[in-house]
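Okay, here's what each chain looks like letter by letter:
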Amino acid sequence: MAARSPQEWTAELAATGVNAVALTWVDNAGITRVKTVPTARLEHAARWGVGMSPVFDVFCVDDSITTSTHIGGPVGDLRLFPDLDALRVLAALPGWAWTPVNRLRQDRRTHPACQRSFAQRMVQLAEVDGLSFRMAFEIEWFVGLTGPEADGGDAVPACQGPAYGMTRVVELGAYVRDLLAALAEQGVPVDQFHPEYAAGQLELSTAATDPVSAADRLVLVRETIRAVSQAHGLRASFAPVVVPGAVGNGGHVHLSAWLSGHNLLAGGPGRYGLTGRGESMLAGLLAALPALCAISAPSVPSYLRLVPQRWAAPYQCWGRENREAALRLVTGTEGSQATAANAEVKCVDGSANPYLVAGALVAIATAAADRGLKLPPEVTVDPATLPPDEQPPRLPRSLTDAVRELDRDDVLGTALGEPLLAALLAVRRAEVELFKGQTPEQVAAASRWKY
Ligand code: GLU
Ligand code: MG
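Draft legend 1. Broad picture of the site of ligand 1. Taken together, 13 residues sit near ligand 1, with Glu140, Gly248, His252, Arg305 and Lys346 positioned nearest. At 2.7 Å, a side-chain N or O of His252 approaches an oxygen atom of ligand 1. Take Arg305: an N or O atom from its side chain is 2.6 Å from an oxygen atom of ligand 1. Expressed as a share of its isolated accessible area of 300 Å², the protein-covered part of ligand 1 is 94%. Broken down by class, the residue content of the shell around ligand 1 amounts to three nonpolar, four polar and six charged.

Structure follows, in structure tokens:
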């Protein structure tokens, strides 16, 4: 969409019946928070920002508030500045438009804990080395009934058909059609949609784009799915685990790295056409996965999902098209490698803040690009079927373990910066306390409708 001035946007939105604009950011707990302005106030918001307390950096999933070294308490103010280039009219929420924000201080300097600014900063740093990245978040969700049938907060699937079954498409035909129509109207390029494995689970994938736009797009698509679900009397859950013991909702990220117009994961002399830099980046990513988990699988329920043999891929290993390897190399159909080759990071779920994930992946890959790192041997089987002493290491088994890994990771620590790192670690630790002693059923029930 061509760039428009705030005045042009205001006129256009008013003319198309848009009454208000939702300004969203995603907090460290993975919750999309919002302030809204009437359309007539958008110009003012674009010029001066909208006030918001920095304390939201230490909000937890249940809306309790913790504190951190740099951020906490009731004092202070930030300004939410809408990124009008990303503004979309919400096709499934009549009268509404949406735009992501960057959070600035009152002196107009970037708030050091702004997650979207972090992702932008990492992209800019990579550009200094001539590197650029393309990313796409897969979106898995559970669609459930509401009302008396769902008995309050229970997860009652809105369809009965089998996994990947056409029956589910027929059962939910109007719902899926309305979703695809809304996304098309919003200019979201959808690659595909399918019914997923777990009861009531669906999946949508969108085209790759730059990392910040990919994160924006994830927020937009999630809120569109939520709105379409509601219009159909249904409810969507993006939570890592909806029903304990069943397959959970992943939010896998596909990424490729580019230098001078060339995909570094294709056309090189290495295994599967990897270039030296491409392999070094993948090796760096593989090594960093345990620490990344505190960002990509950032909640207590994340670890109910991250278990073997559910394609959640809880092993620190890589493999071409291995869906139990946390780093899955995708080379594409013969002939398409130059554009299609990418790596899928599978240890990502719906409770993750996509800006933190995007920024962290770019930071890790950029730091590794020129280190000449080599990938360890590929894992070509389901790791769980190997004798225990031959299995690759498991990724963290709890949020506490992941937090420990992130706490000692220099690359991510430096990239995030102390205020953001301290705030997100504080949230993780507070959520560990929050769910202490709770059963998987209690954890799932408490988080099911939050993300
Ligand atoms: N639902 C699985 C997960 O938890 C992923 C299934 C797939 O590979 O698409 O990540
Ligand atoms: Mg899937």
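There's plenty left to go through after this.
Draft legend 2. The arrangement of the coordination of the magnesium ion (ligand 2) in detail. The protein atoms that coordinate the magnesium ion (ligand 2) are Glu140 (OE), Glu196 (OE) and Glu203 (OE), at distances of 1.9 to 2.2 Å. You can call Glu203 buried: its relative accessible area is 5%.

Draft legend 3. The arrangement of helix α10 (residues 354-368) in detail. With 15 residues, α10 should cover 21 Å at 1.5 Å per step; its first-to-last C-alpha distance of 21 Å lies within 8% of that length. Within α10, 14 of the 15 residues are buried, leaving the element largely enclosed by the surrounding structure.

Draft legend 4. Representation of the packing of helix α3 (residues 115-128) against α10. The N-to-C vectors of α3 and α10 enclose an angle of 25°; their axes lie 8 Å apart at closest approach. On the basis of their axis angle, the class for α3 and α10 is roughly parallel. Where α3 crosses over α10, the two elements pack in a sense that is left-handed. The residues of α10 that touch α3, namely those facing Gln115, Arg116, Phe118, Ala119, Met122, Val123 and Ala126, are Tyr355, Leu356, Gly359, Ala360, Val362, Ala363 and Thr366. In terms of residue class, the contact of α3 with α10 is built from 10 nonpolar, three polar and one charged.

Draft legend 5. Layout of the pattern of salt bridges. Under the definition given, this model contains 19 salt bridges. Residue Asp57 pairs with Arg103 through a salt bridge whose shortest N-O separation is 2.6 Å. Of this pair, Asp57 sits in the loop between β3 (50-52) and β4 (78-82) while Arg103 sits in strand β6 (residues 96-105), placing them 46 residues apart in sequence. Summarising the burial analysis for this pair, Asp57 and Arg103 share the class buried. Note that Arg429 and Asp407 form a salt bridge whose closest N and O atoms lie 2.9 Å from each other. Placement of Arg429 in helix α13 (residues 418-434) and of Asp407 in helix α11 (residues 399-407) is noted, with a sequence separation of 22 residues between them. The class of Arg429 is partly exposed, set by a relative accessible area of 42%. Residues participating in the shared-partner salt-bridge network are Glu321, Arg328, Glu344 and Lys346.

Draft legend 6. Up close: the nonpolar core. Ranked by size, the top nonpolar core spans 133 residues in total, and within it Trp141 and Tyr175 carry the most contacts. Per element, the largest residue contribution to this core is 12 residues, and it comes from helix α7 (residues 276-296).

Draft legend 7. Examining helix α1 (residues 6-15) more closely. What α1 keeps buried is the set Trp9, Thr10 and Leu13. Axial view of α1: buried residues confined to an arc of 100°, hence all on one face. Taken together, the buried residues of α1 touch β1 (20-26), α2 (42-48), β5 (88-89) and β6. Within two residues after α1, Gly17 carries a phi angle of roughly 80°, on the positive side.

Draft legend 8. View of the environment of Ser302. Its location among the elements puts Ser302 in helix α8 (residues 302-305). Along the sequence, Ser302 and Ala239 sit 63 residues apart, while their C-alpha atoms lie 8.3 Å from each other. Excluding residues that lie within four positions of it along the chain, Ser302 makes contacts with Pro240, Ala297, Asp349 and Ser351. Within the local environment of Ser302, its side chain forms a polar contact with the side chain of Asp349, the two groups lying 2.7 Å apart.

Calculation notes
Residues numbered from 1 in each chain as written. Chains lettered and ligands numbered in written order. Predicted model: local features only at pLDDT ≥ 70, side-chain atom pairs only at ≥ 80, totals over all residues. Heavy atoms only, no water. Near = heavy atom within 4 Å. Polar contact = N/O pair within 3.5 Å; in protein donor to acceptor, adjacent residues only side chain to side chain. Areas by Shrake-Rupley, 256 points an atom, 1.4 Å probe, with all protein chains shown as cover. Nonpolar A, V, L, I, M, F, W, Y, C, P; charged D, E, K, R; others polar. Donors = N, O, S within 2.8 Å, 3.2 Å for Na, K, Ca; no water. Buried < 20%, exposed > 50% of the residue type's maximum accessible area, 1.4 Å probe, protein only. Helix = DSSP H or I, 4+ residues; strand = E, 2+ residues; numbered from the N terminus. Expected span 1.5 Å × (residues − 1). Axes fitted to C-alpha atoms, helices over the stretch in contact; angles between N-to-C directions. Parallel < 35°, antiparallel > 145°, perpendicular 65-115°, else oblique. Left-handed = near helix turned anticlockwise from the far one by under 90°. Contact = heavy atoms within 4.5 Å. Salt bridge = Lys/Arg side-chain N within 4 Å of Asp/Glu carboxyl O. Core = buried A, V, L, I, M, F, W, Y, C linked by side-chain atoms within 4.5 Å. Arc of directions from axis to C-beta.

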